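These are the residues of each chain, in order.
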Amino acid sequence: MSIKTNEKDCTLWQLPIIGSFKSMSYCIKTPDGQHFVIDGGDSPETEYLVQFINDNLQGRVDAWFVTHPHKSHVGAFINIINGKLVSVKKIIYSYLDPEIIAKRDISCVQDIENFNSAIKASKIPSLRVRNGDRLKIGKNIVKIIGAESLDSDRNYLNNIGVIYKFNFKSASVLFLGDAGYEAGLSLLSAFKDELKSDILQMAHHGFYGVSHELYSIISPDICLWPTRKEIWPDGKNILTSESNDIKSTYDHMCSLGVSEHYISGIDGLSEIHF
């Protein structure tokens, strides 16, 4: 995919990991002047994210998209809306009932309660999305293709996260969040014909995510890796099971012809125009 530098282009930023074990944070500026944030990262990234939004998005977020409420994805978001640190016009997310989730995975209930409480207290307009929803924000189309419920309790909160496909005029961008193998099976079953995308955020920080079969169907030109440096298999670090899985996935994406890879824990801030 060719990278351009035209003011009319869509700009996507992958933000760096700062002081966190893992996180995921993306910002988008569209040609029609819309400003989007996806997740936003963990609490230690709050100050960086606020400064970035002020410097690059005019201090305004038109739509804040949340994949799922794990602290590593929404810690900064909660701090920002609690403190009213930037202007947020709308929050887009899938509501999760803590009592229902507790029957599946008690460990994530506190994260969900903190997230729900922050949204309620903020009084910011919000939109609760469901599978198959199609949103139009400005001139931009966003399709919701996440798995809402699964029979398996394994990796439950990650697997029921919202998966967003942004269909811009110049390219499509797919955010898998922390989707695991089971969520990938649901995508193949329900949305196989809609998965092909130009730019792809690699699932679950690049390891223990969706299957290679799903990645083959998505067949992107650019891969975004929200992956910390310490586990990236560059030959210098001690390989962990996570590193081995990342290497297998990276090699697979390369075999599909992907030559552009952006790794947040290594490259820091990445800016892509399309």
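Further up the page is the structure itself.
One structure accompanies this document, and this report is about it.

Turning next to the environment of Ile263. Along the chain, the position of Ile263 falls in strand E15 (residues 260-263). Overall, the relative accessible area of 8% leaves Ile263 in the buried class. For the pair Ile263 and Leu15, spaced 248 residues apart in sequence, the C-alpha to C-alpha distance is 9.6 Å. Look past the residues within four positions of Ile263 in its chain and what remains in contact with it is Gln14, Trp225, Thr227, Trp232 and Gly268.

Turning next to the sheet that holds strand E7 (residues 91-93). If you walk across this open sheet you meet the seven strands as E8-E7-E5-E3-E2-E1-E16, and the pairing is mixed. Of all the strands in the sheet, the pair left with one neighbour each is strand E8 (126-128) and strand E16 (270-273). Strand-to-strand twist in this sheet, taken as the mean axis angle between neighbours without regard to direction, amounts to 20 degrees. In the sheet, strand E3 (residues 35-39) pairs with strand E5 (residues 63-65) via three bridges, with the strands oriented parallel. Note that in E5 the partner of Phe36 across the bridge is Ala63. Sheet strands touched by helix H1 (residues 46-56): strand E1 (11-14), strand E2 (25-29), E3 and E5. Its angle to E2, the strand with the most contacts, is close to 10 degrees.

What follows covers the side chain of Asn140. Note on placement: Asn140 falls in strand E10 (residues 140-144). Reaching out from Asn140, the side chain makes a polar contact with the side chain of Asp32 at a distance of 3.1 Å. Once residues within four sequence positions are removed from consideration, Asn140 is found in contact with Thr30, Asp32, Gln34, Phe36, Leu135 and Phe168.

Glancing now at the nonpolar core. In terms of nonpolar packing, the biggest core is built from 28 residues, with Leu12, Phe65, Phe166, Phe175 and Phe274 touching the most fellow members. When residues of this core are traced back to their parent elements, those giving at least two are E2, E3, E5, strand E9 (134-137), E10, strand E11 (164-167), strand E12 (172-175) and strand E14 (222-225). Those residues within four positions of Phe65 in sequence are excluded, and the remaining contacts are Phe36, Val37, Ile38, Asp39, Ile92, Ile137, Val142, Tyr164 and Phe166.

Definitions and limits used
Residues numbered from 1 in each chain as written. Predicted model: local features only at pLDDT ≥ 70, side-chain atom pairs only at ≥ 80, totals over all residues. Heavy atoms only, no water. Helix = DSSP H or I, 4+ residues; strand = E, 2+ residues; numbered from the N terminus. Buried < 20%, exposed > 50% of the residue type's maximum accessible area, 1.4 Å probe, protein only. Contact = heavy atoms within 4.5 Å. Pairing = 2+ DSSP bridges. Axes fitted to C-alpha atoms, helices over the stretch in contact; angles between N-to-C directions. Polar contact = N/O pair within 3.5 Å; in protein donor to acceptor, adjacent residues only side chain to side chain. Core = buried A, V, L, I, M, F, W, Y, C linked by side-chain atoms within 4.5 Å.

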